[in-house]
Amino acid sequence: MLDIKVTLSDHLKAKPADESALGFGRIFTDHMFLMDYEAGRGWHDARIVPYGSFAIDPAAMVLHYGQAIFEGTKCYRRADGGLQLFRPGDNLARMSRSAERMCMPKLDEETALEGLKQLIRVDANWVPHKEGTSLYIRPTMISMDVGLGVHASKKYLFFIILSPVGAYYKEGLKPVSIYVEDEYVRAVRGGVGFTKCAGNYAASILAGDIAEQKGFSQVLWLDGVEQKYVEEVGSMNMMFAYGNKIVTPRLNGSILPGITRDSVLKLARQLGFEAEEGRLDINEIFADAKSGKLTEAFGTGTAAVISPVGTLALKDEKVVLGDGGIGKISQKLYDTLTGIQYGRLPDENGWIVKL
Ligand code: COI
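What you are looking at is a predicted structure, and each value in this text was computed from that prediction instead of being measured.

Things to note about the packing of helix H2 (residues 88-101) against helix H3 (residues 109-122)
Packed helices, taken two at a time, are described by the angle between their axes plus the distance between the axes. For the pair H2 and H3, the least separation of the axes is 10 Å and the interaxial angle reads 135 degrees. Considering the angle they form, H2 stands oblique to H3. For the element pair H2 and H3, the recorded crossing hand is right-handed. In this structure, H2 contributes Pro 88, Leu 92, Ala 93 and Ser 96 to the contact, and H3 contributes Glu 109, Ala 112 and Leu 113. In terms of residue class, the contact of H2 with H3 is built from 5 nonpolar, 1 polar and 1 charged.

A word on the domain arrangement of the protein chain
Accessible area lost upon the coming together of the parts is a frequently used measure of interface size. Assigned domains of the protein chain: these are domain 1 (5-165) and domain 2 (176-341). Spacing between the C-alpha centres of domain 1 and domain 2 amounts to 27 Å. At the junction of the two partners, domain 1 supplies 20 residues and domain 2 supplies 21 residues. Between domain 1 and domain 2, roughly 1800 Å² of surface is buried when both sides are summed, and carbon and sulfur atoms account for 61% of that area. One can count 1 salt bridge joining domain 1 with domain 2. The residue Arg 87 makes a salt bridge to Asp 262 at a minimum N-O spacing of 3.0 Å. Run the count over domain 1 and domain 2 and you get 13 residue pairs in polar contact (both at pLDDT 80 or more). Taken together, the elements giving at least two residues each to the side of domain 1 that touches domain 2 come down to strand E4 (68-70), strand E5 (73-77), strand E6 (83-86) and H2. In terms of residues, the side of domain 1 that touches domain 2 owes the most to one element, H2, which gives 6 residues. Looking at the side of domain 1 that touches domain 2 residue by residue, the class counts come to 8 nonpolar, 5 polar and 7 charged.

Reading the values: rules and limits
- Residues numbered from 1 in each chain as written.
- Predicted model: local features only at pLDDT ≥ 70, side-chain atom pairs only at ≥ 80, totals over all residues.
- Heavy atoms only, no water.
- Axes fitted to C-alpha atoms, helices over the stretch in contact; angles between N-to-C directions.
- Helix = DSSP H or I, 4+ residues; strand = E, 2+ residues; numbered from the N terminus.
- Parallel < 35°, antiparallel > 145°, perpendicular 65-115°, else oblique.
- Left-handed = near helix turned anticlockwise from the far one by under 90°.
- Contact = heavy atoms within 4.5 Å.
- Nonpolar A, V, L, I, M, F, W, Y, C, P; charged D, E, K, R; others polar.
- Domains from an automatic or database assignment.
- Buried area = accessible area lost by both parts, 1.4 Å probe.
- Salt bridge = Lys/Arg side-chain N within 4 Å of Asp/Glu carboxyl O.
- Polar contact = N/O pair within 3.5 Å; in protein donor to acceptor, adjacent residues only side chain to side chain.

Rendered as structure tokens:
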């Protein structure tokens, strides 16, 4: 593990006075973690410094060819005031898998995790207290070689920034409305859909914008080949409930292997629900929603936590799921997952890392 040099800010910012108005990713803490990579030298210069802009050459490869990957994880404040992380090592391991596909260097996960913990200790007062709030952690890696030839960069920057957040959707735990995207696709077989690369999100913005203009919170992506099978929502994986059975798209290389997705599948089974991964035909899902066979739908994600879906729209048709409110399974899983994350429930799966 690398030594981490700490330089503290002498201009601490005022903390947000109203924790009910945090929103998502709008405010950043006083410090950030950085480390550099150079081929032949590896990761070096791990450091915590005051949060601020850094210089980037206009010819840096990330700005042209988009080698940029990121992660999202959270730090939670327990009722006793203590702080804890949820599966942070799994996020960093996933980042290394994204890096491999994007021809970027494997992360020094040990130093990154230690840097993350030290950074949070330095900015501990920024972890909000209010129910449902947390400190969102955004590890990011970008290519820094200067030049316009298309090849793998030899230099990279890894950084972590922190943001106190409330709910990702303005609806909070209230059900969101989702539009099934039938024109654009997010990812294709053999592509980069399973990675958390910035381009996946860039590619989603147009469809998201159009859906928003139509009054929907997000789009549900279908597979890139037949445009028939459910993939994910970009900011969350999707799950559907049929009575006591939960089904979700299997990991097929084009959807994100969500850490919340994985946790929810395990918790669901531990709670006595059936949970299956498979190929989900949107036409069947829609027909089942109309007939009432499909009783609930919800998304899972670090930012989104568990977000119930109240309305699903496909072309010109809309269907309200269940009674349009928060379903029983969504609520149970939300209470269980957040209970573990905030330390109200025991962590029987070894997911919590106390700070
Ligand atoms: C997360 O859930 O952490 C995400 O990265 C989703 C989104 C905010 C891009």
